[in-house]
Amino acid sequence: MTKSLFLFTVLILSISLSCSSKRDTGSMNMENWKADHYGCKGLRMQDLEELERLKNSFLGVDNQALIKTFGRPDRVELVDKSQTFFFYFLEPSNACEGVEIEKEPLRVLFRLNAISKVSEVTITTLNP
């Protein structure tokens, strides 16, 4: 009886810990973030300093937690079978109507490893 209760407790605990949940984003305005697809409205730039401060807190987070926190990525790029990049544009990208892009827009890149965990967070204008 005690052994089965212990196993049941371990099972429930492991299930509850494996579920992805939203991550803390400090003072970032996540409603504005999610409403600013491809950075077209320029709302994401308002949270740049807070994002730079918090970016390393997202290391080790899984892809579902990123989606729950930031919404669907603006772009997903599969580099090879072992890594994926989630792009969130901070400045208007070429997907924005009526915007002419003279330079590559600023974006945040989340590099995910083979088990869909964040291994690197970069704020850059460069492509991976």
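Please refer to the structure placed before this passage.
Description of the structure in this document. As the structure is a prediction and not an experimental result, all values here were calculated from the model. (Residues numbered from 1 in each chain as written. Predicted model: local features only at pLDDT ≥ 70, side-chain atom pairs only at ≥ 80, totals over all residues. Heavy atoms only, no water.)

Comments concerning unusual backbone geometry
Stated precisely, the cut-off is as follows: A run of H or I in DSSP counts as a helix once it spans at least four residues, and a run of E counts as a strand once it spans at least two, with each numbered from the N terminus.
The backbone phi angle of Tyr-38 is positive, close to 60°, even though this residue is not glycine. Along the chain, Tyr-38 turns up in the loop between α2 (30-35) and α3 (48-54). For Ser-116, which is not a glycine, the phi torsion comes out positive at approximately 60°. With respect to the helices and strands, Ser-116 occurs in the loop between β3 (107-112) and β4 (118-124).

Concerning the nonpolar core
Our working rule: Only buried residues count toward a nonpolar core, which is a set of Ala, Val, Leu, Ile, Met, Phe, Trp, Tyr and Cys residues joined through side-chain atoms within 4.5 Å. We call a residue buried when its accessible area falls under 20% of the maximum for its residue type, exposed when it is over 50%, and partly exposed in between, using a 1.4 Å probe and counting protein chains only.
One finds Trp-33, Leu-51, Phe-58, Leu-66, Phe-70, Val-108 and Phe-110 to be the most contacted residues of the largest nonpolar core, which totals 22 residues. Put simply, the parts of the chain that give this core at least two residues each are α2, α3, α4 (63-70), β2 (83-89), β3 and β4.

Some points on the side chain of Thr-69
Note the cut-off: N or O atoms closer than or at 3.5 Å make up a polar contact, with two conditions inside protein: a donor-capable atom paired with an acceptor-capable one, and, for residues adjacent in sequence, both atoms drawn from side chains. Contacts are assigned to residue pairs that have any heavy atoms within 4.5 Å of one another.
In this structure, Thr-69 sits in helix α4. Among the polar contacts listed, one links the side chain of Thr-69 to the backbone nitrogen of Arg-23, at a separation of 2.8 Å. There is a polar contact of 2.7 Å between the side chain of Thr-69 and the backbone oxygen of Ala-65. Other than its neighbours up to four places away in sequence, Thr-69 contacts Ser-21, Lys-22, Arg-23, Thr-25, Met-30, Lys-34 and Phe-58.

What to know about α4
With respect to burial, α4 is a largely interior element, 6 of its 8 residues being buried. Where α4 is concerned, the buried positions are Asn-63, Ala-65, Leu-66, Ile-67, Thr-69 and Phe-70. Looking at the buried side of α4, the elements it contacts are α2, α3, β2, β3 and β4. The N-capping residue of α4, defined by a side-chain oxygen 3.1 Å from the backbone nitrogen of Gln-64, is Asp-62. The positive-phi residue at the C-terminal boundary of α4 is Gly-71, with phi of around 85°.

Re the packing of aromatic side chains
Worth spelling out the cut-off: Side-chain rings of Phe, Tyr and Trp, where Trp is taken by its six-membered ring, are said to pair if the distance between their centres is within 6.5 Å; with planes under 30 degrees apart they count as stacked, over 60 as edge-to-face, and otherwise as tilted. Any Lys NZ or Arg CZ found within 6 Å of a ring centre and within 35 degrees of that ring's normal is scored as a charge over the ring.
Summed over all chains, the structure comprises 9 aromatic pairs. For the pair Trp-33 and Phe-70, a centre-to-centre distance of 5.2 Å together with 55° between the ring planes defines the contact as tilted. Of this pair, Trp-33 sits in helix α2 while Phe-70 is found in helix α4, placing the two residues 37 residues apart along the sequence. Both residues of the pair, Trp-33 and Phe-70, count as buried. The aromatic ring of Trp-33 is capped on one face by Arg-44, whose charged end is 4.7 Å from the ring centroid. Over the ring of Phe-87 we find Arg-75, and its NZ or CZ is 4.1 Å from the ring centre.

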